[in-house]
Amino acid sequence: MKRLLSVVAIMVLAASLLPVKGFAGLRGAFDPITIGDDLFRGKFSPVLRGFPTSGSGTATSPRVERWITFFTLSQIVGSESVGEIYLQRNVDQAAPRGFAPVALKRDGTGMISYIDPAWSNDGKWLLYVQTDNEVSSSSIYIQQYDTSTATNGGSALGSPILVADGSGGVHHRHPVFNASATQVAYDSDAFGAAADLWTVDLTLDPVAHTGTVNESSRTRHQLGLETDESSRAILNGKAEFKPAYSPDGTKLAYVTNRFGTFQIQILTKTSDGLGETSQGAESNPGLVTHDNPSWSSDGLSLYYDAPANEDGANPQDVWKLDLASGAKCPIFVDLAGDVDPSVSQYTNVTRDGIPFNYFVFISQGAGFGVQVWRTNFIQTCVPPLPLSVVITPSHVNLDLSSPNAVYTATVGMTASSIASGYVCRAVNIGGEGIRTRTTIIASPTLAGLPMRSTPIDPSKDCTSMYQEITQDFATTDVNCEVLVNEVLGSTSFGWWTVQYDTTAAKNHRMNFFFRRRTINARIVALGLTGQTIPLTLGAYTNVLGRSFQGFGYVRVSKQNAAGSTVALMQNSPNPFNPSTRIDFAVDLPGQVSVRVFNTRGELVRTISDQWYP
């Protein structure tokens with residue numbers, strides 16, 4: 001008689017099979033934007049140009065900015081420290097490009113440097129910093145550009161407008177517009193070596209291509225330290241820099257070392273810079289550098305970069321911080337540095353109703369060098385939807401196992417996921433399908449391992465993904481293995497077959513094949529031989545990277561004998577805050593461990609490790 005036991009937990013015994021690995025891919029949630037062009041140096045300070053856009057903003061047609069801007073180092077030998085600002089199509093590398101980067105600000109002599117680009121929300125006005133090869137001083141300018149797709153948005157209109165003059169060795173940096181482009185915030189060392197926050201009002205005329213700066217409005221923000229000389233000494237000795245406007249323009253997020261390591265503060269502005277209040281974005285931040293803040297379009301979250309796991313020895317991740325709750329989530333491509341997020345002003349929504357912003361950032365992911373990538377928080381920060389998973393064989397005798405054998409994971413979707421617009425198939429027909437590739441980040445994975453990319457049996461009929469699109473649904477079992485260059489010029493697709501859903505063609509049973517030997521080796525190494533354990537199967541979707549997860553059960557033994565069965569139920573509630581309940585059942589007495597792991601496979605806590613009846 002089985003006895004049902006209950007423990008509050010997130011993950012179970014076999015979650016220890018998950019390796020520490022990051023997320024990266026050339027499709028799905030993470031798209032590299034700037035690889036493959038003629039600019040052979042790294043790209044920096046990426047920003048989205050707010051207009052024009054493509055897409056309608058619906059779940060099936062997300063709205064994205066047509067262009068991004070960045071600066072790169074001069075291609076001229078001997079002028080490698082000089083910056084040049086370029087415009088690039090906001091299209092991932094899996095799509096046809098037909099577009100080379102357009103130089104917006106570039107000095108052919110390699111003497112004048114252009115850095116720190118920032119756009120007005122309407123995409124008409126470019127803020128930038130102009131300096132020289134020695135960075136002896138730096139000034140802030142505004143230049144209007146056309147927004148015509150016919151000219152690729154690169155035609156300057158009118159003359160540059162001086163916003164902040166750096167003559168005399170002053171350095172003005174990191175300018176940003178407010179939402180209405182009536183004010184510019186920046187940082188400056190005009191009052192000493194440490195940078196201070198400044199704002200200035202302006203009026204821009206897009207018809208006449210001119211603008212006027214209101215000098216009487218230029219304000220140095222005192223950040224509440226304006227009362228006496230000792231307070232001013234603190235202000236003058238610490239840096240406040242990299243401002244970012246909240247969407248309503250009332251607040252500025254910025255970086256400061258006033259409290260030790262660089263942290264993000266939020267300033268509530270006043271018109272004269274006096275009597276202001278400033279508070280930490282987090283009440284108890286990790287004592288590591290937090291940098292490059294950027295607001296979500298609703299003003300409820302901040303994106304920034306900080307070391308992975310808030311450990312200064314790790315490379316940077318992009319993080320999303322919920323300002324009300326303090327909850328935060330790392331969004332990482334892989335085990336390389338990911339920095340400098342620029343968040344879209346447009347809100348999109350997943351097929352199951354989750355609002356999100358795209359953002360661009362700098363990453364060294366995938367070995368492409370310092371490049372601009374685009375992603376969202378959905379894949380890494382939203383709890384996965386369930387998959388049904390059956391693994392065969394469910395019981396393996398190591399004494400009899402063939403070295404070339406495989407586990408077959410048969411996967412299907414729940415009715416609720418299908419109703420939300422997701423389909424269990426490789427293509428986006430009838431909904432958004434599951435990614436079936438084994439490139440930088442594999443999908444799906446079993447116990448963190450990718451599926452096979454080549455058949456064990458060379459006699460298998462290897463066809464292309466087009467068969468899955470055009471197949472007659474009367475056929476019930478079709479090999480959809482992809483090993484030819486017909487689809488994307490790649491042999492990185494995994495080995496999978498389809499049992500067709502002949503009714504609605506939305507919930508095929510997809511069979512994925514994994515090397516049995518590598519999974520068995522992990523089970524043996526972890527001392528789990530002879531136990532029935534759950535193996536996590538994870539997958540994500542083709543477009544937004546919406547995650548799915550399910551469990552299949554296997555037992556690996558040295559003898560082909562029956563043993564105890566462990567059944568794990570779905571936790572409830574899910575999502576949960578602050579607790580959830582998981583039920584599991586065993587049909588024989590024995591030692592049972594229940595452990596909590598994070599998404600990187602690191603042990604968080606052992607909830608239970610004891611004998612159960």
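We now turn to the structure provided with this report. All figures in this text were calculated on a predicted structure; none of them were measured in a lab.

Within the chain one finds five helices and 41 strands. Burial analysis of the chain (613 residues in total) assigns 54% to the buried set. Looking at the chain alone, contacts between residues at least 24 apart form 54% of all its contacts between residues at least 6 apart. Total accessible area on the chain stands at roughly 25000 Å², and carbon and sulfur atoms take up 53% of it.

We now examine the sheet that holds strand 17 (residues 263-268). Pairing in this open sheet of four strands is antiparallel, and the strands run 15-16-17-18 from one edge to the other. Each of the sheet's edge strands pairs with one partner strand only, and the pair in question is strand 15 (240-245) and strand 18 (277-280). With direction set aside, neighbouring strand axes in the sheet form an average angle of 30°. Here four bridges tie strand 15 to strand 16 (residues 251-256), and the two strands are oriented antiparallel to one another. Within the sheet, the bridge partner assigned to Phe241 lies in strand 16 and is Val255.

The next point concerns the side chain of Lys43. Position of Lys43 among the secondary structure elements: in strand 3 (residues 43-54). You can call Lys43 buried: its relative accessible area is 0%. Here the side chain of Lys43 touches Gln371 through a polar contact of 3.2 Å, side chain to side chain. Sequence-distant contacts of Lys43, that is, excluding residues within four places in its chain, are made with Thr34, Asp37, Phe70, Phe71, Ile362, Val370, Gln371 and Val372.

By secondary structure assignment, the location of Ser443 is in the loop between helix 3 (415-419) and strand 31 (445-446). Side-chain polar atoms of Ser443 contact the backbone oxygen of Arg435, separated by 2.9 Å. A polar side-chain atom of Ser443 sits 3.2 Å from the main-chain amide nitrogen of Tyr540. Once residues within four sequence positions are removed from consideration, Ser443 is found in contact with Ile434, Arg435, Thr436, Arg437, Met451, Ala539 and Tyr540.

What follows covers the pairing of strand 5 (residues 83-89). For strand 5, the buried fraction is high: seven of the seven residues fall into the buried class. Judged by which residues are buried, strand 5 turns out to be covered on both faces: Gly83, Ile85, Leu87 and Arg89 on one side and Glu84, Tyr86 and Gln88 on the other are all buried. Bridging between strand 4 (residues 64-73) and strand 5 involves seven bridges; their strand directions are antiparallel. Paired with Trp67 across the bridge in strand 5 is Arg89. In this sheet, strand 6 (residues 102-105) lies alongside strand 5 in antiparallel orientation, the contact comprising three bridges. Bridge assignment links Leu87 to a residue of strand 6, and that residue is Val102.

Spatially, 2-27-26-23 is the arrangement adopted by the four strands of the open sheet, whose pairing is antiparallel. Sheet topology places strand 2 (31-32) and strand 23 (338-343) at the edges, where each strand pairs with a single neighbour. Where strand 2 lies against strand 27 (residues 371-375), two bridges are found, and the strand directions are antiparallel. Across the sheet, the residue bridging to Asp31 is Arg374, located in strand 27.

A ring pair, where both rings are aromatic, is described by two values, the distance of the centres and the angle of the planes. Tallying each qualifying case throughout the model produces twelve aromatic pairs. Their ring planes at 35° and their centres at 5.8 Å tell us that Phe191 and Trp198 sit as a pair that is tilted. On the basis of relative accessible area, Phe191 is assigned to the partly exposed category, the value being 49%. When the centroid spacing of 5.5 Å and the interplanar angle of 80° are considered together, the rings of Tyr422 and Phe548 count as edge-to-face. Of this pair, Tyr422 sits in the loop between helix 3 and strand 31 while Phe548 sits in strand 37 (residues 547-557), placing them 126 residues apart in sequence.

Here the focus is the pairing of strand 28 (residues 385-392). Judged from the two bridges that link them, strand 28 and strand 37 form a sheet pairing that is parallel. Bridged to Pro386 within strand 37 is Gln549. Alignment of strand 28 against strand 30 (residues 406-413), held across six bridges, turns out to be antiparallel. Looking at strand 30, one finds that Val389 is bridged to Val411.

A word on the pattern of salt bridges. Here the structure, examined in full by the defined rule, presents twelve salt bridges. Residue Asp196 is joined to Arg220 by a salt bridge in which the shortest nitrogen-to-oxygen separation is 3.1 Å. Taken together, the residues span a long stretch of sequence, with Asp196 in strand 13 (residues 196-205) and Arg220 in strand 14 (residues 210-220) at a distance of 24 residues. Just as Asp196 is buried, Arg220 falls in that class too.

Another aspect to go through is the environment of Leu39. Examined against the element boundaries, Leu39 turns out to sit in the loop between strand 2 and strand 3. Sequence separation between Leu39 and Ser74 is 35 residues; the distance between their C-alpha atoms is 8.9 Å. Leaving out residues up to four positions away in the same chain, Leu39 has contacts with Phe70, Thr72, Gln75, Tyr86 and Pro101.

Looking now at helix 5 (residues 516-525). Taken together, the buried positions of helix 5 are occupied by Arg516, Ile519, Asn520 and Ile523. Summarising the axial view, the buried residues of helix 5 lie within an arc of 100°, below the 170-degree limit, and thus occupy one face. For helix 5, exposure combined with an orientation more than 90 degrees from the buried face picks out Arg517 and Ala525. Once helix 5 ends, the next one or two residues include Gly527, with phi positive near 70°.

Definitions and limits used
Residues numbered from 1 in each chain as written. Predicted model: local features only at pLDDT ≥ 70, side-chain atom pairs only at ≥ 80, totals over all residues. Heavy atoms only, no water. Helix = DSSP H or I, 4+ residues; strand = E, 2+ residues; numbered from the N terminus. Buried < 20%, exposed > 50% of the residue type's maximum accessible area, 1.4 Å probe, protein only. Contact = heavy atoms within 4.5 Å. Areas by Shrake-Rupley, 256 points an atom, 1.4 Å probe, with all protein chains shown as cover. Pairing = 2+ DSSP bridges. Axes fitted to C-alpha atoms, helices over the stretch in contact; angles between N-to-C directions. Polar contact = N/O pair within 3.5 Å; in protein donor to acceptor, adjacent residues only side chain to side chain. Phe/Tyr/Trp six-rings, centres within 6.5 Å; stacked < 30°, edge-to-face > 60°. Salt bridge = Lys/Arg side-chain N within 4 Å of Asp/Glu carboxyl O. Arc of directions from axis to C-beta.

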